[in-house]
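The primary structure of each chain is shown beneath.
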Amino acid sequence: LTNYGSTSGSLALRRLLLTRLAEDAIEASVDQLMLTGSGTQATDLVCRFLLRPGDTVLVDDPCYFNFRALLRAHQVKLVSVPYTPSGPDVENFEAVLAAERPRLYITVSGLHNPTGATMSPQTAHRVLNAAAAFDLTIVEDDIFGDLEPDSAPRLAGLDGLERVIQIGSFSKTLSASVRCGYIAAKPDWIEGLTD
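All of the points below concern the structure found in this document. Not measured: the values here are computed from a predicted model.

Pairing analysis gives 6 bridges linking strand β2 (residues 56-61) to strand β3 (residues 77-84), with the strands arranged parallel. From the neighbouring strand, D61 faces β3, where its bridge partner is P82. For the crossover from β2 across helix α3 (residues 65-73) to β3, the handedness is right-handed. For β3 and strand β4 (residues 87-88), the ladder comprises 2 bridges, and the chain directions are antiparallel. Looking at the pairing, T84 lines up with G87 of β4. From the end of β3 to the start of β4, which pair antiparallel, there are 2 residues.

Dropping the structure here:
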């Protein structure tokens, strides 16, 4: 109460989050996590850090409505790819990457909002390969991860937080009034995001 906290957020909570991430095979260290005011703030911070007006961003169709509003505020070009029961339509995804060269792809791989679908391991593998080929950064929103009956592989775990940034919050699992989210990414990105 008498001092400012860490700019990365509570160390105790970040350590607890590491345990939660490990359950999804996401190996991270405490310097790869920062806390935010919400999942939306986490997405906004990532956009501020990585995007410039005019950049192209890929989203799912359909996607969480807040993603579109937030991205419009960042003055980026939005392109979309159809979302199927096993994840994005991979052939369409690859074609969009080749044609549009998006800087960022924002998705929900587990309990996709609004479809409820979960990305299959095969789709996740192809998405990550295409992302590597086209130097694409992926933001994986895992806000519903704790509600998933059988946890599917996470892009962040398969990628080792190299080109995937995972965000999440506690507003869907604990309470809407719990205004706390997080960002998991490689350490130099967390340093830049914190700054």
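Here the narrative resumes, following the displayed structure.
The next subject is the pattern of salt bridges. This model, assessed by the stated rule, comprises 7 salt bridges. A salt bridge links D24 to R20; its shortest N-O distance comes to 2.7 Å. Classification of D24 as buried rests on a relative accessible area of 8%. Of the charged contacts in the structure, one is a salt bridge between R126 and E94, with a shortest N-O distance of 3.3 Å. In this pair, R126 is assigned in helix α5 (residues 121-133) and E94 in helix α4 (residues 90-100), connecting sequence segments 32 residues apart. The class of R126 is partly exposed, set by a relative accessible area of 35%. Taken together, the shared-partner salt bridges in this structure form one network comprising R20, D24, D142 and R154.

With respect to the helices and strands, T56 occurs in strand β2. With residues up to four places along the chain from it excluded, the contact list for T56 reads K77, V79, E100, P102, R103 and L104.

Reading across the sheet, the 8 strands line up as β1-β8-β7-β6-β5-β2-β3-β4 and stay open at both edges, with mixed pairing between neighbours. Of all strands in the sheet, those bounded by a partner on one side alone are β1 (33-36) and β4. Summarising the sheet, strand β7 (residues 164-169) and strand β8 (residues 181-184) pair through 4 bridges and their orientation is antiparallel. Residue pairing in the sheet places S169 in a bridge with G181 of β8. Each of β2, β3, β5 (104-107) and β6 (137-141) touches α3; the most contacted strand, β2, lies at about 165° to it.

Next up on the list: α3. An α-helical turn contains 3.6 residues, so any two residues separated by three or four positions project in the same direction. Inspection of α3 places F67, L70 and L71 among the buried residues, and these make up the whole buried set. Around the axis of α3, the buried residues are gathered within 95° of arc, so they sit on the same side. Exposed residues lying more than 90 degrees from the buried face of α3 are F65, R72 and A73. On the buried face of α3, the contacting elements are α2 (39-50), β2, β3, β5 and β6.

Looking now at the nonpolar core. Residues L58, F93, Y105, I138 and L155 are the most contacted members of the largest nonpolar core, which totals 31 residues. Elements supplying a minimum of two residues to this core: α1 (11-23), β1, β3, α4, α5, α6 (155-159) and β8. The element that contributes the greatest number of residues to this core is α5, accounting for 5 residues. Leaving out residues up to four positions away in the same chain, L155 has contacts with T107, S109, M119, A124, V127, L128, I138, E140 and V164.

Cut-offs and rules
- Residues numbered from 1 in each chain as written.
- Predicted model: local features only at pLDDT ≥ 70, side-chain atom pairs only at ≥ 80, totals over all residues.
- Heavy atoms only, no water.
- Pairing = 2+ DSSP bridges.
- Helix = DSSP H or I, 4+ residues; strand = E, 2+ residues; numbered from the N terminus.
- Right-handed = clockwise from strand over helix to strand, strands pointing away.
- Salt bridge = Lys/Arg side-chain N within 4 Å of Asp/Glu carboxyl O.
- Buried < 20%, exposed > 50% of the residue type's maximum accessible area, 1.4 Å probe, protein only.
- Contact = heavy atoms within 4.5 Å.
- Axes fitted to C-alpha atoms, helices over the stretch in contact; angles between N-to-C directions.
- Arc of directions from axis to C-beta.
- Core = buried A, V, L, I, M, F, W, Y, C linked by side-chain atoms within 4.5 Å.

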